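Per-entry structural report
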There are 2 protein chains.
Amino acid sequence: MALHPPSPDVTAPASGSDRPRTFGTIAIVGVGLLGGSLGRAVKSRGLARRVVGVGRNLARLEEAREAGVIDVASTDIAAAAGAELVVVCTPVDRLAADVIAAARGVGERGTVTDVGSIKGAIVRDVERAGAARTYVPAHPLAGSEQAGWEAGSAALFERKLCVLTPIEATDPARVDLVDQMWQGVGMRTARVSPEEHDRLLALTSHLPHVAAAALAALLGDRERSFSSTGFRDTTRIASGDPSVWTPILLGNAAPVRQALGRFERELAALEEALAKGDEAEVTRWLARAKASRDALGEL
Amino acid sequence: MALHPPSPDVTAPASGSDRPRTFGTIAIVGVGLLGGSLGRAVKSRGLARRVVGVGRNLARLEEAREAGVIDVASTDIAAAAGAELVVVCTPVDRLAADVIAAARGVGERGTVTDVGSIKGAIVRDVERAGAARTYVPAHPLAGSEQAGWEAGSAALFERKLCVLTPIEATDPARVDLVDQMWQGVGMRTARVSPEEHDRLLALTSHLPHVAAAALAALLGDRERSFSSTGFRDTTRIASGDPSVWTPILLGNAAPVRQALGRFERELAALEEALAKGDEAEVTRWLARAKASRDALGEL
């Protein structure tokens, strides 16, 4: 995959000559697609001495351990207490509670980070619980519409962007530590405020999910049999799990509604040009969209 | 690629035991992505004795001839007059005129078909010109956001659906002939009215293009650097050429506006559920979309 256009606050991945920092124990809470991919990436790169996986289903965790995704399996978050770094990869509606529990467990000795798709609501909850100093809010922009650690891969994070959203209360040394972990698995990193993150992701992730879902929902069985490749690409993310996406959309409702408003104004402009039969305006509208999409690179 | 869910009026591709009919000369008017792919497919399958390519740029046509896409190159549509079958692959805003010219050229000896993404407006123009009897309106649901014969492939049509939209004036024997040609290059075929085609394609192709374009248009440079794989998939088709898409959207304006209205009502329902913080309703909305997308098969 081509690199995204760099933004001024995006750092390059650690180069070969600048060997990544290694960690003692990394605990992964929630061994699903992201947690499982992180386990594989950390182990394949020798980034930690030990990877502890914490989850709710011991049989599934044992399978992940046998597959080499983690070294130790436990259903008790207390198993993460000795870790230098705890990465919470649970669904968005459980994240704040798990981050707070992990932060209490590791205390001053450890650092807690997460992979949540929304940041403002989680950061507020963690701050209210007095656990903000040792928690580095993060969101690696990687994933797929699939679920489960089997669907993951050590390469999932490579060359992609991880957004860190520290607040004033966050310990700066811990931000650097988490930054090094994500660079260690091949990511570029950027730092923005939780609010800016949520505004940006509403436009680049949450709104596209809603639009894809609405397109898919419109088709009945007959319409569906007349769809082609373009429809499949455009709606692929609509297969995402509603139990993952409901808390994301509700947890970021204000920015998502704002993005929806902007989207609807774009559609209304095109609709007006169609109603008028205004060829120049339709072309201008499409050309602006094409220029923006082409600027992403890689068709 | 998995087969789309069959609809009752979709026929299977010709089986091995049922050898496809071969043609004398097939003329392709407009040797771009679709015309070039058709040339390659016809020649690689030995479906015609000769493939004549007609276009506006002789140097480009000669390159296509040297690449084995066509056998004969000409900038004069009169070169198509001796063909058993003329397939018009020019842009939608030139289609009706080219179909009419080709139909006059081949007269009763030949059959004319096309690959246009809209059907009603073109069929009406051809009928008004008195050329409807020998013209079989068709739309193979294949393509990409790329352009030019170099981007084409002999496999482009395989297992995909070709929609034929004959009207009362169309000669039924010629519909069967064109049906055999598209099955001969590996397509399934279906027959619906031009109006039904335009309503279906507004939902499965034109609206998704507009939605993808609107999503892409919303991003500035900063937002763009925070986009990930899902955004790329969802907006890929927005890279399509505005000169291709403007006549499609304007030529099918009423069904597209109707589809836009349905789309906006879907979005408004989600927005209302978000405004109310109605978790059950957001989940229900997303689950309905996921079920529809999953019914397409192949993630």
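Here's the deal with the confidence of the model for chain A
Residues and elements named next belong to chain A. Averaged over all residues, the pLDDT of chain A equals 92, while 93% of them reach at least 70. Between residues 1-8, whose pLDDT stays under 50, and residues either more than four places distant or in other chains, the model counts 16 contacts. Taken as a whole, residues 12-17 scores under 50 in pLDDT and shows 6 contacts with residues more than four places along the chain or in a different chain. Predicted complex, confidence summary: ipTM 0.89, pTM 0.89.

Focus: the interface of chain A and chain B
If you look at the interface, chain A gives 89 residues, while chain B gives 88 residues. When chain A packs against chain B, the two sides together hide about 8600 Å² of surface, and 66% of this comes from carbon and sulfur. On the chain A side of the contact with chain B, Leu 218, Phe 226 and Arg 232 of chain A bury the most area, a combined 10% of that side's loss. In this structure, the connection of chain A to chain B is made through 6 salt bridges. Where Arg 236 of chain B meets Asp 233 of chain A, a salt bridge forms, and the shortest distance between an N and an O atom there is 3.8 Å. Secondary structure elements with two or more residues in the side of chain A that touches chain B: β8 (161-164), α6 (194-217), α7 (221-224), α8 (229-235), α9 (242-251), α10 (253-276) and α11 (279-294) of chain A. The element contributing the most residues to the side of chain A that touches chain B is α10 of chain A, with 16 residues.

Brief notes about the sheet that holds strand β4 (residues 85-88) of chain A
All names here are of chain A. With respect to topology, 6 strands assemble into an open sheet ordered β3-β2-β1-β4-β5-β6, the strand pairing being parallel. Taken across any chain shown, the strands that pair with only one partner, and hence form the sheet edges, are β3 (72-74) and β6 (135-136). Note that strand β5 (residues 111-114) and β6 share 2 bridges and pair parallel. Note that in β6 the partner of Thr 113 across the bridge is Val 136.

What to know about α9 of chain A
Three or four residues apart is the spacing at which side chains of an α-helix point the same way, because the helix has 3.6 residues per turn. For α9 of chain A, the set of buried residues is Pro 242, Trp 245, Thr 246, Pro 247, Ile 248 and Leu 249 of chain A. Packed against the buried residues of α9 of chain A are α3 (92-106), α6 and α10 of chain A together with α10 (253-276) and α11 (279-294) of chain B. The residue sitting at the N-terminus of α9 of chain A and contributing the capping side-chain oxygen is Asp 241 of chain A; that oxygen lies 2.9 Å from the backbone nitrogen of Ser 243 of chain A.

Comments concerning the relation of the copies chain A and chain B
At an RMSD of 0.0 Å, chain A and chain B line up after a rotation of 180 degrees and a shift of 0.0 Å along the axis. These values place the two chain copies in the arrangement generated by a two-fold rotation axis. Considering only C-alpha atoms, the part of chain A nearest the rotation axis is Thr 234 of chain A, at 2.0 Å. When you check the interface residues of chain A against chain B, 99% turn up at the interface there too, and the contact is symmetric in its surfaces.

A look at the sheet that holds strand β9 (residues 188-191) of chain A
All names here are of chain A. Strand order across the open sheet formed by 3 strands is β7-β8-β9, with mixed pairing between neighbours. A strand with exactly one partner marks an edge of an open sheet, and here the two such strands are β7 (138-140) and β9. Strand after strand, the sheet turns through a mean of 20 degrees between neighbouring axes, direction not considered. Strand direction decides the pairing type here: β8 and β9, joined by 4 bridges, are parallel. Residue pairing in the sheet places Leu 161 in a bridge with Arg 188 of β9. Contacts from helix α5 (residues 172-184) reach β7, β8 and β9 within the one sheet, and its direction differs from that of β9 by about 150 degrees.

Things to note about the packing of helix α3 (residues 92-106) of chain B against helix α4 (residues 120-128) of chain B
When two helices pack together, their arrangement is captured by the angle between the axes and the distance separating the axes. All names here are of chain B. In contact at an axis separation of 9 Å, α3 and α4 are set at 35 degrees when each is read in the N-to-C sense. For the element pair α3 and α4, the recorded crossing hand is right-handed. Contacts between α3 and α4 involve Leu 95, Ala 96, Val 99 and Ile 100 from the first element and Ile 122, Asp 125 and Val 126 from the second.

Focus: the packing of helix α6 (residues 194-217) of chain B against helix α9 (residues 242-251) of chain B
Residues and elements named next belong to chain B. Running from N to C, α6 and α9 point in directions that differ by 120 degrees, and their axes come no closer than 11 Å. Classed by the angle they form, the pair α6 and α9 counts as oblique. As α6 runs across α9, the sense of the crossing is left-handed. Counted together, Ser 205, His 206, His 209 and Val 210 of α6 and Trp 245, Ile 248 and Leu 249 of α9 form the full contact between these two elements.

Conventions used here
Residues numbered from 1 in each chain as written. Chains lettered and ligands numbered in written order. Predicted model: local features only at pLDDT ≥ 70, side-chain atom pairs only at ≥ 80, totals over all residues. Heavy atoms only, no water. pLDDT = per-residue confidence, 0-100. Contact = heavy atoms within 4.5 Å. Buried area = accessible area lost by both parts, 1.4 Å probe. Salt bridge = Lys/Arg side-chain N within 4 Å of Asp/Glu carboxyl O. Helix = DSSP H or I, 4+ residues; strand = E, 2+ residues; numbered from the N terminus. Pairing = 2+ DSSP bridges. Buried < 20%, exposed > 50% of the residue type's maximum accessible area, 1.4 Å probe, protein only. Polar contact = N/O pair within 3.5 Å; in protein donor to acceptor, adjacent residues only side chain to side chain. Least-squares fit on C-alpha atoms with pLDDT ≥ 70 in both. Axes fitted to C-alpha atoms, helices over the stretch in contact; angles between N-to-C directions. Left-handed = near helix turned anticlockwise from the far one by under 90°. Parallel < 35°, antiparallel > 145°, perpendicular 65-115°, else oblique.

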